[in-house]
Amino acid sequence: MTQAIDQDIRELKIAIEALSKGTEANTKAIADLTASVSGLREEMRVGFANVETRFADV
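If you're wondering where the values come from, they're calculated on a predicted model, not measured in any experiment. (Residues numbered from 1 in each chain as written. Predicted model: local features only at pLDDT ≥ 70, side-chain atom pairs only at ≥ 80, totals over all residues. Heavy atoms only, no water.)

Peer 1: It is not clear to me how the overall build of the protein chain should be interpreted in this structure. Could you clarify?
Peer 2: When its secondary structure is counted, the protein chain shows one helix and zero strands. Each of the 58 residues in the protein chain was classed as buried or not, and the buried ones make up 0%. For the protein chain, the exposed surface amounts to about 5,500 Å²; the carbon and sulfur share of it is 63%. (Helix = DSSP H or I, 4+ residues; strand = E, 2+ residues; numbered from the N terminus. Buried < 20%, exposed > 50% of the residue type's maximum accessible area, 1.4 Å probe, protein only. Areas by Shrake-Rupley, 256 points an atom, 1.4 Å probe, with all protein chains shown as cover.)

Peer 1: Would you mind going over a nonpolar patch on the surface with me for this structure?
Peer 2: Where nonpolar side chains cluster on the molecular surface, the patch consists of Leu40, Met44 and Phe48 and spans about 320 Å² of accessible area. Mapped onto the fold, phenylalanine 48 is located in helix α1 (residues 3–57). With a relative accessible area of 52%, phenylalanine 48 lands in the exposed category. (Patch = residues over 30% accessible without salt bridge, like charges linked within 9 Å, V, L, I, M, F, W, Y side chains within 5 Å. Salt bridge = Lys/Arg side-chain N within 4 Å of Asp/Glu carboxyl O.)

Below is the structure:
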């Protein structure tokens, strides 16, 4: 192969590695966001349950 082709292959490998790392970071960010939303949903459920109890007392 020529030097130009070798250089292109190296650049492609670097780009693929960067893309892979970016995908891993995005996957972790999505998992963290999902966990946060789940926690918020539980807090809202508990909060509304307390509101319903207060209305029942009135």
